[in-house]
Every structure is written in C-alpha cells, then in structure tokens.
Amino acid sequence: MSVVPLYKEDILQKDIRVSIGSLALLGLKDVKVFAKPTTIYLMVEERCMFNCLYCAQARESNANLENLSRVTWPKETFKNVLDALIKHKDDYRRICFQVVNGRNYYEDLVQFLKVLKVSQINVPISISIRETNINRIREMFSLGVERIGLPIDVVSKEHFSKIRGGNFESTFSFIIDTAREFKGKITTHIIVGLNETDFELYDAMEKFFHNNVLVSLFAFTPIKGTPFESHPKVPIGRYRKFQFVRALFFKHIPFEPIFESGELSGVKIDAPKEKILELISDPSNYITQGCPNCNRPFYNETPAGPLYNFPTKPSDTSFVFKDFVKVVFDGKVEFN
Ligand code: SF4
C-alpha cells in the first residue's frame, strides 16, 4: 500500500523570511524590540513578478531584498521556525504569511500550510496575497487559513495601473466577490498617500465595509531603491483623519462626510459634543488595524515617530486633537 505524505519533507529545509520582530519573539534572534509583535509575520518567496512602484520586493526594485516596507526579514529554515513556533506557542496570537509573488510562491505556501495543519499550533492563520484565482482562495481556506488579506493598496482609480499594475475595477470586484463567498473572512490593505483623493479613500472604505471587507490602513513609506523613494510621506493629520473615519465605519456609527474643494473637511455625527469627543479619544482608533491581533510594530515608521499606527494602545490620546481636529460641536467635527 502506498503512503501519501501529508507534505513534502524538503519543505522543512526550505528558507523562509521572518520579520525581525517575530524572530526576536521566537528566540531566533537576539535583538532589542521596542514593541513585541502579537502576530508572527513570515514572508513567502522574494522578488515579485509584479512591479508596484512603492514595494521593495517589486520586479525592478533595487531595494534590499531583506526588506518589506521598512522592516527587515532575515532568512531561517522553516524547520527552525516551526520548532520555535511550537516552543513559543503561548507568546503570539496569529501567524500571517506575507506572500510575495515570486517563482514558486503558491506551491511553497501550500506546503507550509500543510505542515502547520498537522502541527500542534492552533493559532489563527492569515495570508496576505495578491491573488485573483478563486479556486486558490478556496484551497487556502480548506487548508486551515482563518482570514485572507487581498490588498488593494492603491485606491486611486486614475493612478492604480501605473503605481500598482493591473485593473482597479477588476481587482476591487474580486475582493468584494470573495468577501461575499467568505463572509467576515476577508481583509484588505489600503496604503494612504499613493496619489488618491480624500473622496477615493472615503469611497473605497465605505464600499469595503459595506461589503464586509475589513480595512487595514497603512501609511505610504518611501523605500530607498524603489521608484517611489522620493515620493512624499502622508501628512500625519490626513492619516489620523482617515483612522477616525475608519473607526466610525468599523463601529457602525452613522456619519455624513463633508467635502470642501475635494478635501474631507469634517464629518456630521448625530451625537452630542461629549460623545463625539469620546469617539475621537478612543485609543483603539490609532493602533494598527486589520485581522485580530495584527499589530505590525513600526512597519510604517521608526520608533521615534510620528507613529502612524500604534502597536499597542496609547495611554493618552490628547495628541490626536492637535494632529487633525479643528473644532467639535454638537453633531459635527471639523478637521484641520
Ligand atoms: S491585517 Fe495583518 S494579519 Fe491580516 S493580512 Fe494584513 S498583515 Fe496579515
């Protein structure tokens, strides 16, 4: 009788990149971290077939291949990572595979998932992947994945194909259609600061939340060696404004946006001033948002700040008022 192996043995000897903070948490690197990750981030493959102008892993990027955004990802054998994941299984609450569409990305990912499925690791698994094949999405879920992140990244219809490549409408529709099939299981990433208008940002978030897609916001981070290395960073006030708007969508609080000359200048909320101040001060608005327990420490920023996404809840949120709030009335907030 032939025995079908659950996974290919040689996958254990394969190298996988691990974010530096995750390596520290797993005891595989002796480095000081300013905030511990609550999710273990693993990178599958390197050197992508796509050519996003902001990405260190893009086909024509000259950036260091150890990087994704501003984080370094040294290599380790999957066997060492697996042993450490088992040993430290009480120290993290999620595993996320960041998939770079390199040569064997899908085959390798499937093998990694098969190994995890038969291991004793019972934490939820997320995958962040640029994928348009629904059968692969189905297969990943069938292999025990809890959530899939399908990043739109760029929400400017005009600039999408130039900055990211591909077609905005079909990418958007694929994410929405997938969320209809896998209710409450799809996350998307939006990078703020890639030539989108305030309306495009608001509109994309509104449609995603309306269709049950969880939005994770990131701030554009210029990476040396990419075509966007000199592209400006997003002003902190603009980012805070959209963190707040995202929180309103997330908490199902009805509001009406106010646009002036194309900019989001405020929101109307049917609530007294005190309640609105309470909503603005909620520290959970300003931490990294996405799949549960994903905190991605210092993915967009250095620990010196400004911190676009806080890896843990800030104890004091008085700073957010000067960042983006001009005035609060009964029923209305005006932004700077
Ligand atoms: S939100 Fe976090 S855990 Fe979820 S796919 Fe994105 S990076 Fe991974």
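Residues numbered from 1 in each chain as written. Predicted model: local features only at pLDDT ≥ 70, side-chain atom pairs only at ≥ 80, totals over all residues. Heavy atoms only, no water.

Under an unreviewed UniProt entry, the name given to the protein is Radical SAM core domain-containing protein, and the source organism is Caldisericum exile. UniProt, in the comment section headed Cofactor (unreviewed entry), describes the protein in these words: "[4Fe-4S] cluster". (UniProt positions renumbered as here; feature names shortened; annotations may be inferred.)

A. Structural detail: the pairing of strand β1 (residues 15-18). Bridge analysis of β1 against strand β5 (residues 75-77) gives three bridges, and the strand direction is antiparallel. The partner of D15 across the bridge, within β5, is T77. Here two bridges tie β1 to strand β2 (residues 39-44), and the two strands are oriented antiparallel to one another. Across the sheet, the residue bridging to R17 is M43, located in β2. (Pairing = 2+ DSSP bridges. Helix = DSSP H or I, 4+ residues; strand = E, 2+ residues; numbered from the N terminus.)

B. Layout of the site of the ligand. In the vicinity of the ligand, the residues found are R94, C96, Q98, S126, S128, T187, H189, S216, G290, C291, C294 and R296. Only β6 (94-99), β7 (125-128) and β9 (186-192) provide two or more residues apiece to the shell around the ligand. Of the residues forming the shell around the ligand, the biggest block, three residues, is contributed by β6. Classifying every residue of the shell around the ligand gives three nonpolar, seven polar and two charged. (Near = heavy atom within 4 Å. Nonpolar A, V, L, I, M, F, W, Y, C, P; charged D, E, K, R; others polar.)

C. Representation of helix α9 (residues 273-281) in the model. Buried within α9 we find I276, L279 and I280. The buried side chains of α9 occupy one side of the element, clustering within an arc of 100° when seen end-on. Opposite its buried face, α9 presents the exposed residues E274 and E278, each directed more than 90 degrees away. In the core, the buried residues of α9 are packed alongside α8 (236-250), α10 (318-324), β13 (325-329) and β14 (332-335). (Buried < 20%, exposed > 50% of the residue type's maximum accessible area, 1.4 Å probe, protein only. Arc of directions from axis to C-beta. Contact = heavy atoms within 4.5 Å.)

D. Quick peek at the nonpolar core. Within the largest apolar cluster, 115 residues are counted, with the highest numbers of intra-cluster contacts made by I95, F97, F244 and I269. Ignoring anything within four residues of it in the chain, the contact list for I95 reads T39, I40, L42, L85, L116, I121, V123, P124, I125 and S126. (Core = buried A, V, L, I, M, F, W, Y, C linked by side-chain atoms within 4.5 Å.)

E. Focus on the packing of aromatic side chains. Scanning the model with the defined rule gives 22 aromatic pairs in all. Measuring from centroid to centroid gives 6.1 Å for F220 and F228, while their planes differ by 85°, and the two rings are edge-to-face. When sorted by exposure, F220 lands in the same class as F228, which is buried. An aromatic cluster of at least three residues, connected via ring pairs, comprises F199, Y202, F209, F249, F255 and F259. Residue placement shows R130 over the ring face of F50; its charged tip is 3.8 Å from the ring centre. Here R296 stacks its cationic end above the ring of Y299, 3.6 Å away from the centre of that ring. (Phe/Tyr/Trp six-rings, centres within 6.5 Å; stacked < 30°, edge-to-face > 60°. Lys NZ or Arg CZ within 6 Å of the ring centre and 35° of its normal.)

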